[in-house]
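Here are the chains, one letter per residue:
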Amino acid sequence: MTVIRKATLSDLEVLCSLEKHCFEKKRFSEDHVRWLLENPDATSYVYYNEDGIVASIILMRLGMIGKVVSLGVAPGHRRRGIATELMALGESVMRDRGATSMHLEVGITNDTAIMLYESLGYEVVREMPRYYSWGEDALSMKKPM
Ligand SMILES: CC(C)(COP(=O)(O)OP(=O)(O)OC[C@H]1O[C@@H](n2cnc3c(N)ncnc32)[C@H](O)[C@@H]1OP(=O)(O)O)[C@@H](O)C(=O)NCCC(=O)NCCS
């Protein structure tokens, strides 16, 4: 059985642990995840299955823009459509809140995520040199809704 529910501050520890498994060194700090969980413009969901919380998505609404801030699926659970399901939920939630397009940034070498987003209809808008604090360039991607 799988369940998707809204994340709360009580999920901070498990979300940080998921960040560690999904992003190795390139991840949000605990303080940043806490700030997102407490931010009224942000919405986060966790995905449960028989192994516990194995995926999450963090979204933020910025005016008429819906932003995917973070998306991660634990390594042993990938390629089963979990990210696709979380993205569909995120887009639906943002649309209901008045967003007319979805935006995200993805590491320029993160081919897996770029393939996922392209499969969902996202297009590259521009390159963002040294976007990440560790110096990596990003692609800014967008999908009209
Ligand atoms: C990117 C990530 C979220 C994808 O999660 P997922 O649940 O495996 O994705 P899905 O099963 O929904 O994949 C949907 C489609 O994306 C593409 N895709 C996903 N993983 C892929 C891979 N390893 N190779 C090629 N295409 C891939 C495929 O088109 C796939 O459809 P298909 O399986 O029918 O061919 C996951 O690999 C992850 O957590 N990576 C580390 C964290 C990360 O990079 N997050 C994104 C940050 S911007």
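Reading the values: the criteria
Residues numbered from 1 in each chain as written. Predicted model: local features only at pLDDT ≥ 70, side-chain atom pairs only at ≥ 80, totals over all residues. Heavy atoms only, no water. Helix = DSSP H or I, 4+ residues; strand = E, 2+ residues; numbered from the N terminus. Expected span 1.5 Å × (residues − 1). Buried < 20%, exposed > 50% of the residue type's maximum accessible area, 1.4 Å probe, protein only. Arc of directions from axis to C-beta. Near = heavy atom within 4 Å. Polar contact = N/O pair within 3.5 Å; in protein donor to acceptor, adjacent residues only side chain to side chain. Areas by Shrake-Rupley, 256 points an atom, 1.4 Å probe, with all protein chains shown as cover. Nonpolar A, V, L, I, M, F, W, Y, C, P; charged D, E, K, R; others polar. Contact = heavy atoms within 4.5 Å. Phe/Tyr/Trp six-rings, centres within 6.5 Å; stacked < 30°, edge-to-face > 60°.

Caption draft 1: Structural view of helix α1 (residues 12-23). For α1, which comprises 12 residues, the first-to-last C-alpha distance of 16 Å matches the rise-based estimate of 16 Å (1.5 Å per residue) to within 8%. When we look at burial in α1, the residues that qualify are L12, L15, C16, L18, E19 and C22. Buried residues in α1, looked at end-on, bunch into an arc of 160°, giving them a common side. Residues of α1 that are exposed and point over 90 degrees away from its buried face: E13 and H21. A positive phi of about 50° marks E24, the residue just after α1.

Caption draft 2: Inspection of the site of the ligand at higher detail. In the neighbourhood of the ligand, 21 residues make up the surrounding shell, with L71, R79, G81, T84 and N110 lying closest. One nitrogen or oxygen atom from the main chain of L71 is found 2.8 Å from a nitrogen atom belonging to the ligand. Between the ligand and R79, the relevant distance is 2.7 Å, taken from an oxygen atom to a main-chain nitrogen or oxygen of the residue. For the ligand, whose accessible area on its own is 920 Å², the fraction buried by protein is 76%. The set of elements that each furnish at least two residues to the shell around the ligand consists of α1, β4 (65-73), α3 (82-96), β5 (101-107) and α4 (111-119). The class makeup of the residues in the shell around the ligand is 11 nonpolar, six polar and four charged.

Caption draft 3: Just the environment of M145, in detail. Topologically, M145 is positioned in the segment after β7 (138-144). For the pair M145 and T43, spaced 102 residues apart in sequence, the C-alpha to C-alpha distance is 18 Å.

Caption draft 4: Quick peek at the environment of A42. As for its position among the elements, A42 is in strand β2 (residues 42-49). Accessibility expressed as a relative area gives 13% for A42, which makes it buried. Distance in space between the C-alpha atoms of A42 and A138 is 21 Å, their sequence separation being 96 residues. Those residues in contact with A42 that lie beyond four places of it in its chain are L36, L59 and M60.

Caption draft 5: Region of interest: the packing of aromatic side chains. Per the counting criterion, the structure on display carries three aromatic pairs. Relative to W134, the ring of Y132 has its centre 4.7 Å away and its plane inclined at 5°; by these criteria the two rings are stacked. Judged by its relative accessible area of 39%, W134 falls in the partly exposed class. Members of the aromatic cluster, joined through ring pairs, are Y131, Y132 and W134.

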